[in-house]
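An overview of the molecular structure
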Amino acid sequence: MVAMYVLLDGFDLGAGAIHFLVARTSEERRQVIATIGPVWDGNEVWLLAAGGTLYFAFPALYASGFKRLLSAADDRVVAADSARTAVEFRNHIQSPIWIPFWDFVFFLSSLLLAVFFGAALGNVVRGVPLDQTGYFFEPLWTNFRLGEHTGVLDWFTILVGVQALLALMMHGGLWVQLKTHGAVSERAEKLLAGRGGGCW
């Protein structure tokens, strides 16, 4: 279910992370946001279903995972709510001051969400040290040196987070190229091809 969420809804995080690169004017940014508006709420059902299934099918796993990763989950909720709030306020408040502010909030929250999801994936892939009672403790970060002392954020999880960001930016770029027209679509194509001053 989490994989389906990333496949079906990952493009909105990617579109948010690249919308400053492919859209130069307020109208072009509105065009990018309009591509994700009709579908992103429906696709988040996959994430809710995954949490509910984990809670009912594997309660011990759910309890041990969320016991220590609650602050990271809170950060994800804050970033997701910020992205949704930014899009809603941008569409309802027509102001030359507030529209660029909400565009930046949408960009930053989309970027952070992609990195948070990637860091969470890095922790799941590497594993966490559970004791016999199902409790684990890892510091939020360490000294970032290679070795046995890991943290929720360390060299490995941050690298996985950056890789997730790049993958979702590519996903969002493909979506924007497909669903827009004119200069925005052309810039997305150049970004994906590596000719737009982008990151790949």
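How each quantity is defined
Residues numbered from 1 in each chain as written. Predicted model: local features only at pLDDT ≥ 70, side-chain atom pairs only at ≥ 80, totals over all residues. Heavy atoms only, no water. Helix = DSSP H or I, 4+ residues; strand = E, 2+ residues; numbered from the N terminus. Buried < 20%, exposed > 50% of the residue type's maximum accessible area, 1.4 Å probe, protein only. Contact = heavy atoms within 4.5 Å. Areas by Shrake-Rupley, 256 points an atom, 1.4 Å probe, with all protein chains shown as cover. Phe/Tyr/Trp six-rings, centres within 6.5 Å; stacked < 30°, edge-to-face > 60°. Expected span 1.5 Å × (residues − 1). Polar contact = N/O pair within 3.5 Å; in protein donor to acceptor, adjacent residues only side chain to side chain. Patch = residues over 30% accessible without salt bridge, like charges linked within 9 Å, V, L, I, M, F, W, Y side chains within 5 Å. Salt bridge = Lys/Arg side-chain N within 4 Å of Asp/Glu carboxyl O. Arc of directions from axis to C-beta.

Brief notes about the overall build of the protein
Within the protein one finds nine helices and zero strands. Listed N to C, the secondary structure of the protein is α-α-α-α-α-α-α-α-α in terms of helices and strands. The 200 residues of the protein split such that 36% are buried. Sequence-distant contacts in the protein: of pairs separated by 6 or more residues, those separated by 24 or more amount to 69%. Taken as a whole, the protein presents about 11,300 Å² of accessible surface, with 69% of it coming from carbon and sulfur.

Structural notes on the packing of aromatic side chains
Evaluated as defined, the whole model comprises eight aromatic pairs. A ring pair is formed by Phe101 and Trp102, whose centres lie 4.9 Å apart and whose planes are at 70°; its orientation type is edge-to-face. Its relative accessible area of 39% is what places Phe101 among the partly exposed residues. Between Phe104 and Phe107 the ring centres are 6.0 Å apart and the planes differ by 45°, which places this aromatic pair in the tilted class. With a gap of three residues between them, Phe104 and Phe107 both fall in helix H7 (residues 98-126), about one helical turn apart. Taken together, the ring pairs connect Phe20, Phe104 and Phe107 into an aromatic cluster.

Some points on helix H8 (residues 155-179)
Here H8 is 25 residues long and its end C-alpha atoms lie 36 Å apart, about the 36 Å a rise of 1.5 Å per residue gives. Residues of H8 that are buried sit in contact with helix H1 (2-22), helix H2 (26-36), H7 and helix H9 (182-193). Capping the start of H8 is the job of one residue whose side-chain oxygen sits 3.2 Å from the backbone nitrogen of Phe156: Asp154.

Side note on a nonpolar patch on the surface
Where nonpolar side chains cluster on the molecular surface, the patch consists of Trp141, Phe144, Leu146, Trp155, Ile158, Leu159 and Val162 and spans about 740 Å² of accessible area. If you trace the backbone, Leu159 turns up in helix H8.

Structural notes on H9
Because an α-helix completes one turn every 3.6 residues, residues spaced three or four positions apart along the sequence face the same direction. In this model, H9 (twelve residues) spans 17 Å end to end at C-alpha, consistent with the 16 Å of a helix rising 1.5 Å per residue. Taken as a whole, H9 has its buried residues at Val184, Ser185, Ala188, Leu191 and Leu192. Down the axis of H9, the buried set is contained in an arc of 120°. They therefore lie on one face. Lining the buried residues of H9 we find H1, H2 and H8. Looking one or two residues beyond H9, the residue adopting positive phi is Gly194, at roughly 85°.

Quick notes on the side chain of Asp103
If you trace the backbone, Asp103 turns up in helix H7. Excluding residues within four positions of it along the chain, Asp103 makes contact with His19, Phe20, Arg29, Ile33 and Arg90.

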